Amino acid sequence: MLGIAEALVPRACQAGLDYERLETLGDACFKFSASLHLYHAFPAAHEGQLTARKNRIVSNAALARVGLGLGLQRFIAQPPAAYDWAAGAPAAAGSVRTKVLADVVEALAGAFFCGGGGAAAAEALLRRAGALPPAPRPPAAPPPAPPAPGGPDAPKIAMLSAVEDTLGHRFARRRLLAEALTHCSWPDRALPCNQRLELLGDAVLDLLITRHYALAWRLPPGRLTVLRSACLNNGRLAAAAAAHGLQRFLRHASQDLFAEVGRFVAHVRREVDSAAARHAAGPPAAGQPAARAPGAGGGSGGGGGGGGPAPGAAAHTLTLTADAGGAGRGAGATEALRAVYDGMVAAGFGQGDALAAPKVLGDMVEALVGAVFLDAGQDLEATWVVVARLLRPMPHPDTVPIHPVSVLMERCQQAGVSLAYAREPSDQPGCVSVSAVVDGRAVSRCAAALGARPARCWLWQMSFPAQQHLFSHNLLHGRRISKASTRDRLNSKV
């Protein structure tokens, strides 16, 4: 009952608990339920059509209509400002905003999920309100057939068997596995490309990773989002594909794609070998500077924690290719991958240069997860074993790199001061200057060339002087956390 009560309390009520954590989990549940329904209900629709339909089902307006249909507006706690003190009663129910009502619906789905209902509870909630029409269950998967020892399909069977060994899952319907490995550039149309499976796998991954962090740690929604992004961004998924050698099995017909994937795999191999060599060498001697994080030029990124495999996941050696040797294999491979993965997150902050990850590799991982989920009879637990095997070591809440600007915004909120960014003209052509303004005072300034990546670099560079301003003026004194503990957390995060 506490979960349901929590799901009905907006953060504006300042009641010590609110629905935001459950809302994050419920959002993943609805995304999963809608994607699974659409995948089965529209077998001929392509990914773009399915995505448009899914967005309409899980939009704030649609979920608010679900809440109104269930009469939830009568039970939502009202913040003090919405209380009609003259009448001695809460304000009219119609004053509940659409976004709040949609968030409450998602939070209730998250509460039902945590209470043991699983993703089926979120699906039932949507069906109860008419957002999803009834759909028959797909037929159960047939038992696996023994592969033929010879014949013209023997090389293809050997390739699929190698992928199954990597995933740790034997497919009863190998057609799903072949589809997950097929890029849209492949000329043979006997099988569809992996875009539909990618849509489903993205939703499955989102739910499994959100569940993993939401249930293992009671994290605020902002930190939960950071961890999910660090685990499921395209660079992380592409690096996981390269670490397991899955790029060898992608079926495509594009020379440009082949070259792009080859450059990225070589880059990941170098980073893993470098990180493993540093791990084998041990910590630097006293007075020696620490080596930089892989993929990052000047900041955090080393030493991410490990979520560990799910119970029952078989131990295996992480390798970049079947014939890869050297430091990237065996002992130290997990630690090396942790450093590489965290370095890629830090590089995304603008703290260094990193090679862009081919989206096709991340899409292939999502499609493989979708194929495993369908082949396992839509069993989330069986799919989680494969996901934990592919993505380990997973980011840990205490060590995952966090964007310095996010840390700055969090510190300003805790200190009760305003934060803004002011753009100013620059004397240099093609450049712009931006200042960080804390409580009306410009405390940091940075100039850089125009562009998306330089913009991330500005914010990263400006965040540290602004944080120092908070400390030097003791703005955090007497707040929820102490000045000393905040500095320790900043040093560990950024």
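Our structure's up above, just so we're on the same page.
What you see is a predicted model, and the numbers here were worked out from it, not measured in a lab. (Residues numbered from 1 in each chain as written. Predicted model: local features only at pLDDT ≥ 70, side-chain atom pairs only at ≥ 80, totals over all residues. Heavy atoms only, no water.)

*Asks:* Describe the overall build of the chain, with residues and values.
*Replies:* Summing up its helical and strand segments, the chain has 17 helices and five strands in all. Looking at the 494 residues of the chain, the share that counts as buried comes to 48%. The contacts of the chain with a sequence gap of at least 6 include a subset with a gap of at least 24, amounting to 70%. (Helix = DSSP H or I, 4+ residues; strand = E, 2+ residues; numbered from the N terminus. Buried < 20%, exposed > 50% of the residue type's maximum accessible area, 1.4 Å probe, protein only. Contact = heavy atoms within 4.5 Å.)

*Asks:* Describe the nonpolar core, with residues and values.
*Replies:* Residues Phe32, Leu167, Ile209, Leu368 and Leu391 are the most contacted members of the largest nonpolar core, which totals 96 residues. Looking at this core element by element, the count peaks at 14 residues for helix H5 (residues 98-128). Counting five residues, the second-largest nonpolar core is a separate cluster that includes Leu408, Cys412, Ala415 and Val417. (Core = buried A, V, L, I, M, F, W, Y, C linked by side-chain atoms within 4.5 Å.)

*Asks:* Let's hear about H5: which residues, and what values?
*Replies:* Here H5 spans only 19 Å end to end across 31 residues, well under the 45 Å set by a 1.5 Å rise per residue. Within H5, the axis deviates most sharply at glycine 116, by approximately 140 degrees. Just downstream of H5, glycine 130 is the residue with a positive phi angle, here 85 degrees. (Expected span 1.5 Å × (residues − 1). Bend = angle between axes of the 7 residues up to and from the residue.)

*Asks:* Can you break down the environment of glycine 222 residue by residue, with the values?
*Replies:* Structurally, glycine 222 is set in helix H9 (residues 221-232). A sequence separation of 198 residues divides glycine 222 from threonine 24, and the C-alpha atoms of the two residues are 9.4 Å apart.

*Asks:* Explain the packing of helix H2 (residues 20-41) against H9 residue by residue, including any values.
*Replies:* A pair of packed helices is captured by two measures, namely the crossing angle of their axes and the spacing between those axes. Two elements in contact, H2 and H9, have axes whose closest approach is 8 Å; the angle formed by their N-to-C orientations is 35 degrees. On the side of H2, the interface is formed by Glu20, Arg21, Thr24 and Ala28, while H9 contributes Pro221, Leu224 and Arg228. Taken together, the residues of the contact of H2 with H9 break down into three nonpolar, one polar and three charged. (Axes fitted to C-alpha atoms, helices over the stretch in contact; angles between N-to-C directions. Nonpolar A, V, L, I, M, F, W, Y, C, P; charged D, E, K, R; others polar.)

*Asks:* Outline the side chain of serine 35, listing residues and values.
*Replies:* Within the secondary structure, serine 35 sits in helix H2. Note on serine 35: relative accessible area 1%, which makes it buried. A distance of 2.8 Å separates a polar atom in the side chain of serine 35 from the backbone oxygen of lysine 31. Residue contacts for serine 35: discarding those within four places in its chain leaves Lys54, Leu199, Leu200 and Ala203. (Polar contact = N/O pair within 3.5 Å; in protein donor to acceptor, adjacent residues only side chain to side chain.)

*Asks:* Please give an account of unusual backbone geometry that cites residues and values.
*Replies:* Following arginine 392, the chain continues to proline 393 via a peptide bond in cis, the omega torsion being 0 degrees. By the secondary structure assignment, proline 393 is in the loop between helix H14 (380-391) and helix H15 (404-415). Phi is positive for glutamine 378, close to 60 degrees, though the residue is something other than glycine. The residue glutamine 378 is located in the loop between helix H13 (359-375) and H14 in this model. Relative accessible area serves as the criterion here: at 17%, glutamine 378 is assigned to the buried category.

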